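In case you want the letters, here they are:
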Amino acid sequence: MSSETPAEFIASWSSWHAARERAVRAPHGIASLRFTHWLTDEAAALEGAPGTWRADDTGIVGERLTGAGLTTPSGAQIMTDRVELVHGDELHYGDSLLRGMERDGVYALRVLDPETPGRTALTGISAFTPDSAWIRPARFVPSPDATVETESIDGHVTTETPVGRVEFELADESVSMTVTGGPNGLWAVFADGTSGDESYRFRFINMPAPTAEGHVLVDFNRAYLPPCAFSEHYVCPLPAPNNRLRTRITAGEQLPLGV
C-alpha cells in the first residue's frame, strides 16, 4: 500500500503524531477554546472578552473597547472604541485570542485561553499502533449534483454539497464514504466499531486528491480527533449515515489524555 519501508512508515507517522500533539496543545491551539459566544443584534458583555459584542448584517461588532488592551495579530494596539470582525478575524486580549466565527449567517465570538482546563490538563493524544495494513486503496466517485443535510454535534443542521464518495473494501464491509474537499485533497467524518469505546465517538480523516483515473489512498493511521474531543464549545459535524462503519478500525488517534 505504501512505497515507504517499514522503518520510514513508522518514522513518518511518529512525526505526524508528534506534530498533531504540539498543534493541539499550543497556547492558542484546538484545546484552548474556552467559549463560543453566539451573538444577536443586542450588545452584550461576554465572559473572557472586554466591552460588549453584537452581530449585524455584515459580521461581528465589538464596542466600549477603549483601554481594553486589544491588539492585532501583528501586535498593533487597537486604539478605537469599536471594532468589526468577520469569520476568521482575530484579536489578542491579554494572553487570550478572540476569533470571529460565522455559521449559516449566524455569528459568534470565540475565546481561546491558554489557561482553560481542557488545555492545561491535556498531556497528549492516545493512538493505535500504526499499521500499513490500514492504508486502503479506494475509488473516488464524483457526485457534482448531490446535496446532503449535515447535523452538527449541537443539533444544528445545514445543507452541504459533497464532492463525491470514496469506495473501498474494509474486512467484510463494502464502504461508500461521503467526502468533501477539492483539488488539494478530500476530507471525511466517520465513525467505526471502536467509536465511543476505544476511540472518540467519531473522527476526521484527510485523503490526497484522487488521480485522473479516480484512485485514492485512505490512510486510517492518520485519522484524527475532531476539535470537540478537546472542548465542548466546538460545533463539529457528525458522520453521515453511510460514514458510520461497522468494522473496528484500530488505527489513528483514539482519545485525549489527562482530561
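Residues numbered from 1 in each chain as written. Predicted model: local features only at pLDDT ≥ 70, side-chain atom pairs only at ≥ 80, totals over all residues. Heavy atoms only, no water.

Novice: Let's hear about the pairing of strand β13 (residues 164–170): which residues, and what values?
Specialist: Burial along β13 is one-sided: the residues G164, V166, F168 and L170 are buried and none of R165, E167 and E169 is. The pairing of strand β10 (residues 135–142) with β13 spans four bridges and is classified as antiparallel. Within the sheet, the bridge partner assigned to R139 lies in β13 and is E167. By the bridge criterion, seven bridges tie β13 to strand β14 (residues 173–182) in an arrangement that is antiparallel. If you follow F168 over to β14, its bridge partner there is V175. Here β13 folds back onto β14 in antiparallel fashion, the turn holding two residues, of which A171 has a positive phi close to 55 degrees. (Buried < 20%, exposed > 50% of the residue type's maximum accessible area, 1.4 Å probe, protein only. Helix = DSSP H or I, 4+ residues; strand = E, 2+ residues; numbered from the N terminus. Pairing = 2+ DSSP bridges.)

Novice: Could you give an account of the pattern of salt bridges, with specific residues and numbers?
Specialist: Think of it this way: side chains of opposite charge can pair up when their charged atoms draw near. Within the structure shown, the criterion is met by 11 salt bridges. Its salt-bridge partner being E253, residue R20 comes within 2.8 Å of it at the nearest N-O pair. Taken together, the positions of R20 in helix α1 (residues 6–25) and E253 in strand β18 (residues 253–257) put the pair 233 residues apart, joining distant regions of the chain. Side by side, R20 and E253 carry an identical accessibility label, which is buried. (Salt bridge = Lys/Arg side-chain N within 4 Å of Asp/Glu carboxyl O.)

Novice: Hey, could you go over the layout of surface pockets for me, with residue numbers and the actual values?
Specialist: When its volume is computed, the largest pocket comes out at roughly 500 Å³. Sorting the residues of the lining of the largest pocket by element identifies β7 (96–103), β11 (148–151), β12 (157–160), β14 and β15 (185–190) as the ones contributing at least two each. Classifying every residue of the lining of the largest pocket by side-chain character gives 17 nonpolar, nine polar and six charged. (1 Å grid on protein atoms, 1.4 Å probe; cavity = no way out; pocket = protein on both sides within 12 Å on 5 of 7 lines; lining within 4 Å. Points joined across faces, edges and corners; volume = space filled by probe spheres on them. Nonpolar A, V, L, I, M, F, W, Y, C, P; charged D, E, K, R; others polar.)

Novice: Residues and numbers for the nonpolar core, please.
Specialist: Counting 22 residues, the largest nonpolar core has F202 and F230 as its most contacted members. At three residues, α1 tops the list of elements feeding residues into this core. Once residues lying within four places of it in the same chain are set aside, the contact partners of F230 are R20, V24, I30, A31, G118, L122, I125, L225 and P256. Listed in part, the 21 residues of the second largest apolar core include V166, A188, M207 and V218. (Core = buried A, V, L, I, M, F, W, Y, C linked by side-chain atoms within 4.5 Å. Contact = heavy atoms within 4.5 Å.)

Novice: Run through α1, naming residues and quoting values.
Specialist: Taking 1.5 Å per residue as the helical rise, α1 with its 20 residues ought to reach 28 Å, and the 29 Å between its terminal C-alpha atoms agrees with that figure. Here α1 has its buried residues at F9, W13, W16, H17, R20 and V24. On an axial view of α1, the arc spanned by its buried residues comes to 95 degrees, and they lie on one face. Facing away from the buried surface of α1 by more than 90 degrees, the exposed residues are A7 and R22. At its buried positions, α1 is contacted by β9 (124–127), β10 and β18. (Expected span 1.5 Å × (residues − 1). Arc of directions from axis to C-beta.)

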